[in-house]
Amino acid sequence: MRIPFTKMQGAGNDFVVLDETRGRLGLTEAHYRFLGDRHFGVGADQILTVRPSPAEGIDFEYVIHNADGREVEQCGNGSRCFARFVRDQGLTTKDTIRVKTMKGVIAPQLTPDGRVTVDMGAPVFALPDIPFDASGLAFVPQGSWGNWPLALAQHAQQATVLIAPVSMGNPHGVLLVDNVDTAAVGTLGPAVQASPRFKQGVNVGFMQVVDRSHVRLRVYERGVGETLACGTGACAAVVAGIRLGLLDASVEVHTHGGVLTIAWQGEIAGAWAPVWMTGPATTVFRGEIDLPDHL
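Since we're looking at a predicted model, the values are computed, not measured.

About the cut-offs
- Residues numbered from 1 in each chain as written.
- Predicted model: local features only at pLDDT ≥ 70, side-chain atom pairs only at ≥ 80, totals over all residues.
- Heavy atoms only, no water.
- Helix = DSSP H or I, 4+ residues; strand = E, 2+ residues; numbered from the N terminus.
- Rg over C-alpha atoms; globule rule 2.2 N^0.38 Å.
- Contact = heavy atoms within 4.5 Å.
- Areas by Shrake-Rupley, 256 points an atom, 1.4 Å probe, with all protein chains shown as cover.
- Lys, Arg positive; Asp, Glu negative; His and termini not counted.
- Charge placed at Lys NZ, Arg CZ, Asp CG, Glu CD.
- Buried < 20%, exposed > 50% of the residue type's maximum accessible area, 1.4 Å probe, protein only.
- Pairing = 2+ DSSP bridges.
- Polar contact = N/O pair within 3.5 Å; in protein donor to acceptor, adjacent residues only side chain to side chain.

A. Representation of the overall build of the protein chain within the structure. For the protein chain, the helix and strand inventory stands at four helices and 21 strands. A globule of 295 residues ought to have a C-alpha radius of gyration of about 19 Å, and the protein chain, at 19 Å, matches this closely. If you line up the protein chain on its principal axes, its C-alpha atoms span 55 × 45 × 30 Å. Excluding contacts between residues fewer than 6 apart, the proportion of contacts in the protein chain whose partners are at least 24 apart in sequence is 61%. Here the protein chain has roughly 12400 Å² of accessible surface; of this, 50% comes from carbon and sulfur atoms. A distance of 1 Å separates the average location of the 24 positive side-chain charges in the protein chain from that of its 29 negative side-chain charges.

B. Molecular detail of the pairing of strand 14 (residues 214–221). Most of strand 14 is tucked away, with six of its eight residues classed as buried. In this sheet, strand 14 lies alongside strand 13 (residues 203–211) in antiparallel orientation, the contact comprising seven bridges. Residue pairing across strands places aspartate 211 opposite histidine 214, the latter belonging to strand 14. Counting the residues in the hairpin turn of strand 13 and strand 14 gives two residues.

C. Summary view of the side chain of aspartate 119. Locating aspartate 119 in the fold gives a position in strand 8 (residues 116–119). Reaching out from aspartate 119, the side chain makes a polar contact with the backbone nitrogen of glycine 121 at a distance of 2.9 Å. Look past the residues within four positions of aspartate 119 in its chain and what remains in contact with it is Ile106, Ala107, Pro274, Val275 and Trp276.

Listed below in structure tokens is the structure:
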């Protein structure tokens, strides 16, 4: 089967985008793995699928698969590319669209400078909803919040790390580091992910606070490994930094792939405010690929 695709990237986080607005392609988990494979397929961190509106008041449905073929709840950088794709392909003329994801509705906005701003929804801190099992752990307060000490597998370089768990529609654990360049992302990332306390896995963020409005970030993602940028990871890191008393309400997040601007007002009228993310979304190329009959 031959299918058309569009290759896109947002701050170096790269995607294969598929248009299913006219009908389902009927892809399997193995097909998504093939598309994400950088040697035999197109190559991408995630595969994004555009589907037609599932309900009144919604413009599109947004389906995300990691490079390992598994469907996931959310992808922030992908949401910006999603918005750029549907506009460039003439699927909408709107500057602001409402998009259904697995965990709710987001509203990307195309800005005059070519970037895309996305209302990523409110962060989730309730441990069962992340989910994170903190039973038996001693909470370590910091700022208006705090961290949890997480024991790691024996092969990790550290026996325990302090982690701030938060969900942005997908689970994140944020670790503070002195220098992201020397942080043991390749060993600590999978060690944290191996913890049974994160029952649905976790994206692990390593955040270096430069000052109250600038951070540097690396993220080891579920089902992918380290990526050049992670939009929901940037949101989670900034939200954690604000609650830990380290950051102001608007922060530039410097990743290996580029800069994202994250803004969060904290608690307003007894409820957590939505997180706003602004960053680039770029088409790299378009093409067609033959999917093997037997995978």
